[in-house]
Amino acid sequence: RTWLEMGSKGTFALVLLGALMAYYVYLPLPEDIEQRWKLMLTDCAFRSLSHLADICESLGLKDYMGVMMLVTFAERVVPQSDERVRVEDERFDGVEVVVYQPRRDVCAGERRRAVIYLHGGGWCLGSTRMGPYDSLAREMVTELNAVVVSVEYRLAPAHRFPVPFEDAYRAAKHFLSADVLGSYDVDPERVAVSGDSAGGNLAAVVVQQLQLDVEQRIKPKAQALIYPVLQALDLNTPSYRQNRHMPILPRTLMVRFWSEYLSSDKSVLLSMLANAHNGPDSAPFLRFANWSVFLHESHRRTYDYAAPPVNEGELPGALARSVTDPRASPLLVPDAALRPLPKAYVLTCEYDVLRDDGMMYVERLRLAGVHVTHQHYPAGFHGTLMFTVWPTDFRIARQMVNDYLLWLKQNL
C-alpha cells in the first residue's frame with residue numbers, strides 16, 4: 001500500500017509538473033501563424049531568459065541586458081572564409097566590420113553590388129558574428145555577387161545613443177569613398193544600406209544623414225529596412241497594443257530597449273511604459289507619428305487615436321532631446337528630408353509591435369515621392385529573419401530571405 005501511495009503521489013507530481021510546463025510554454029497565437037508550437041517553444045526560451053534577467057537585476061547580480069546577451073553568445077560564430085566567400089575582419093574609420101566578398105574574379109568591365117548591413121537587437125544585443133547574420137551575408141554574396149559590409153557597432157547600455165548611430169555612419173562613410181569602393185571592385189551606383197529591427201533604424205538614419213551631408217559625393221542607391229523601429233514618441237500605436245504579448249518582441253521588451261538606448265535614468269522605463277515620456281519639445285513632432293493619418297484604416301481597426309500626452313513636468317534632459325532627434329527617430333524628419341532619399345524596400349509583419357512604424361514610414365516616403373516597395377507578411381512576427389538556422393528554422397523566414405534577396409537583385 002505504501003508503494004502504491006508513493007507511486008500515486010509521484011504520478012500526480014509528474015502530471016502536475018507537466019501541466020505547469022505546458023501552461024508556461026503555451027501561448028495563445030493567431031491561427032494563421034505557421035509552425036505555432038515551434039514558435040511557442042522558441043519564445044519560451046526567450047521568456048525564460050528574460051525572467052532570469054529580471055531576477056538577476058532585482059538581486060543586484062547583473063544588469064538585465066547583461067543577462068540577455070546570452071542570446072548573442074549562444075548564436076555566436078567565428079566567420080570563416082570558404083570556397084565561395086572570402087571573409088575578413090576590418091576596421092573602417094575605427095569601427096569593427098566583417099567584410100564578405102565573392103571568391104570569383106571580377107570579369108573585365110564588371111563591378112559588383114555592395115550592401116552595408118546593420119544587425120538588430122534593440123541597440124543592446126546582437127552581433128554581426130551570429131550564425132543567422134553570417135548565413136545571410138553569405139547568401140547575399142553568392143546570390144547577388146555582392147560585397148557585404150556587416151557593421152559591428154558598439155552597443156547600449158555601455159554605449160548609448162548616439163554612439164551606435166555614429167559607428168554605423170562612420171563605417172558607411174568610409175566604405176562610400178571612391179578609393180575604398182574601388183579596392184573592393186564595387187560599383188558606386190550599386191550600393192545599398194540595409195538592416196533589421198534596430199539595425200533597420202540605423203540603416204534609415206544613415207541613409208538620411210548621408211543625403212544631408214554635402215561633402216558626401218557617393219550616396220546609397222537603395223535602402224532595405226526589415227521590420228524597422230522608427231520612432232519613440234508614441235509607444236501605444238495599434239500594433240503596440242495588438243501585439244503587446246506577441247513573441248519575440250513583446251511591448252515591454254521593445255520599450256525597455258528604447259529606455260536603455262536613450263537614457264541611464266531608470267525612471268525613464270516607467271514613463272515610457274505609460275507612454276508619458278514626451279515633454280513640450282515633442283509636441284511639434286507628434287504630427288509625423290500620427291497613425292490616424294498615416295495608417296490605412298484596416299490597420300487602425302477599432303483603436304481610437306489619442307496623441308501621446310505632453311508631460312509638463314520634469315523629464316531627464318537627455319531623454320527630452322533624444323526622443324525627437326531624427327538620428328534616433330527617423331520617422332520624425334520633415335518632408336523635405338525625405339524627398340531626396342533613394343528607393344526603399346520596407347518589410348513589415350502583422351504580429352509585430354513595430355508594424356505601424358514601418359507602415360507610417362512607407363506612407364510618408366510615398367507622399368514625398370520616393371519609390372517604395374512595401375512587403376507585408378500577414379502571418380509574420382518580429383525577428384523572423386533570424387530564424388533560418390536549425391532548430392529554430394521557420395518556413396516564413398526562408399520566404400522572407402528569398403523575397404529580400406530578389407528585391408536587391410532587381411533593384412541594385
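Check the entry above for the structure.
In this text the structure is predicted, and so the values were computed from the model without any measurement.

On to the overall build of the chain, then. The helix and strand inventory of the chain stands at 17 helices and 8 strands. The C-alpha atoms of the chain give a radius of gyration of 22 Å, which matches the 22 Å a tight globule of 412 residues would have. Within the chain, buried positions represent 55% of all 412 residues. A fraction of 75% describes how many contacts in the chain between residues 6 or more apart in sequence connect residues 24 or more apart. Summing over all exposed atoms, the chain offers an accessible surface of approximately 17900 Å²; the carbon and sulfur share of this is 56%. For the chain, the separation between the mean place of its 43 positive charges and that of its 48 negative charges on side chains is 1 Å.

The next thing to look at is the packing of aromatic side chains. With the rule as written, the count across this model stands at 14 aromatic pairs. Centre to centre, the rings of tyrosine 117 and tyrosine 133 are 6.0 Å apart; their planes meet at 50 degrees, and the pair counts as tilted. Highlighted residues: tyrosine 117 in strand 3 (residues 112–118) and tyrosine 133 in helix 5 (residues 131–144), separated in sequence by 16 residues. Neither tyrosine 117 nor tyrosine 133 differs from the other in exposure class; each is buried. Every member of this aromatic cluster is reached through a ring pair, and the members are Trp123, Phe161, Trp258 and Tyr261. The side chain of lysine 38 reaches across the aromatic face of phenylalanine 394, ending 5.7 Å from its centre. Here the guanidinium or amino end of arginine 256 rests over the ring plane of tyrosine 64, the centre of that ring lying 4.0 Å away.

Helix length check: helix 5 (14 residues) gives 20 Å between terminal C-alpha atoms against 20 Å at 1.5 Å per residue, within 8%. Of all the 14 residues making up helix 5, 10 are buried; the element is thus mostly covered by neighbouring parts of the structure. Buried within helix 5 are the following residues: Gly131, Pro132, Tyr133, Asp134, Leu136, Ala137, Arg138, Met140, Val141 and Leu144. Check the buried side of helix 5 and you find it contacts strand 1 (85–92), strand 2 (95–102), strand 3, strand 4 (146–151), strand 5 (186–196) and helix 17 (395–411).

Before going further, it helps to spend a moment on the state of the cysteines. As enumerated under the stated definition, the model contains 0 disulfides in all. Unpaired in this structure, cysteine 56 has its nearest cysteine sulfur neighbour in cysteine 124, at a distance of 17 Å. On the basis of relative accessibility, which here comes to 14%, the residue cysteine 56 falls in the buried class. Judged by its relative accessible area of 2%, cysteine 124 falls in the buried class.

This part is about the sheet that holds strand 7 (residues 343–351). The mixed open sheet is built from 8 strands, whose spatial order is 1-2-4-3-5-6-7-8. At either end of the open sheet lies a strand with only one pairing partner, and these are strand 1 and strand 8 (372–381). Each strand of the sheet is rotated relative to its neighbour by a mean of 20 degrees, with strand direction disregarded. As paired elements, strand 3 and strand 5 share 6 bridges and run parallel to each other. Its bridge partner being in strand 5, isoleucine 116 is matched across the sheet by valine 193. Taken strand by strand, helix 8 (residues 198–212) contacts strand 3, strand 5 and strand 6 (222–226), and its axis lies near 140 degrees from that of strand 5. Relative to strand 8, helix 17 is tilted by about 175 degrees, and along the sheet it contacts strand 3, strand 5, strand 6, strand 7 and strand 8.

Formed by 93 residues in total, the largest nonpolar core has its most connected members in Phe175, Met254, Trp258 and Leu262. Among the elements that make up this core, the one with the highest residue count is helix 8 (8 residues). Discounting residues that sit within four places of it in the chain, methionine 254 has contacts with Trp123, Val229, Tyr240, Leu249, Val353 and Leu354. Core analysis: the next-biggest nonpolar cluster, separate from the first, contains 46 residues, Leu29, Tyr345, Tyr351 and Leu412 among them.

It is worth spelling out unusual backbone geometry at this point. The omega torsion across alanine 156 and proline 157 is 0 degrees, close enough to zero to call that bond cis. Summarising the element assignment, proline 157 is placed in the loop between strand 4 and helix 6 (163–175). Look at the link from phenylalanine 161 to proline 162: it is a cis peptide, with omega at 10 degrees. If you trace the backbone, proline 162 turns up in the loop between strand 4 and helix 6. If you check the backbone angles, tyrosine 227 has positive phi at about 30 degrees while not being a glycine. Mapping tyrosine 227 onto the fold places it in the loop between strand 6 and helix 9 (238–242).

Okay, the side chain of serine 239 next. With respect to the helices, strands and loops of the structure, serine 239 is situated in helix 9. The exposure class of serine 239 is buried, given its relative accessible area of 0%. Looking at serine 239, its side chain comes within polar contact range of the main-chain oxygen of valine 353, at 2.7 Å. The residues contacting serine 239, other than those within four sequence positions of it, are Asp352, Val353, Leu354, Arg355 and Asp356.

A few words on the pattern of salt bridges. Overall, the coordinates contain 28 salt bridges when judged by the stated rule. Between arginine 111 and aspartate 187 there is a salt bridge, with its nearest N and O atoms 3.9 Å apart. You can see arginine 111 sitting in the loop between strand 2 and strand 3 and its partner aspartate 187 sitting in strand 5, a full 76 residues away along the chain. Since its relative accessible area comes to 44%, arginine 111 is described here as partly exposed. Accessibility expressed as a relative area gives 15% for aspartate 187, which makes it buried. Salt-bridge contacts for arginine 364 lead to aspartate 335; the nearest nitrogen and oxygen are separated by 2.7 Å. In this pair, arginine 364 is assigned in helix 16 (residues 355–367) and aspartate 335 in helix 15 (residues 335–338), connecting sequence segments 29 residues apart. The class of arginine 364 is buried, set by a relative accessible area of 2%. Classification of aspartate 335 as partly exposed rests on a relative accessible area of 37%. Several salt bridges share partner residues, and in doing so they unite Asp54, Glu57, Arg160, Arg256 and Glu260 into one network.

What counts and what doesn't
Residues numbered from 1 in each chain as written. Predicted model: local features only at pLDDT ≥ 70, side-chain atom pairs only at ≥ 80, totals over all residues. Heavy atoms only, no water. Helix = DSSP H or I, 4+ residues; strand = E, 2+ residues; numbered from the N terminus. Rg over C-alpha atoms; globule rule 2.2 N^0.38 Å. Buried < 20%, exposed > 50% of the residue type's maximum accessible area, 1.4 Å probe, protein only. Contact = heavy atoms within 4.5 Å. Areas by Shrake-Rupley, 256 points an atom, 1.4 Å probe, with all protein chains shown as cover. Lys, Arg positive; Asp, Glu negative; His and termini not counted. Charge placed at Lys NZ, Arg CZ, Asp CG, Glu CD. Phe/Tyr/Trp six-rings, centres within 6.5 Å; stacked < 30°, edge-to-face > 60°. Lys NZ or Arg CZ within 6 Å of the ring centre and 35° of its normal. Expected span 1.5 Å × (residues − 1). Disulfide = S-S within 2.5 Å. Pairing = 2+ DSSP bridges. Axes fitted to C-alpha atoms, helices over the stretch in contact; angles between N-to-C directions. Core = buried A, V, L, I, M, F, W, Y, C linked by side-chain atoms within 4.5 Å. Polar contact = N/O pair within 3.5 Å; in protein donor to acceptor, adjacent residues only side chain to side chain. Salt bridge = Lys/Arg side-chain N within 4 Å of Asp/Glu carboxyl O.

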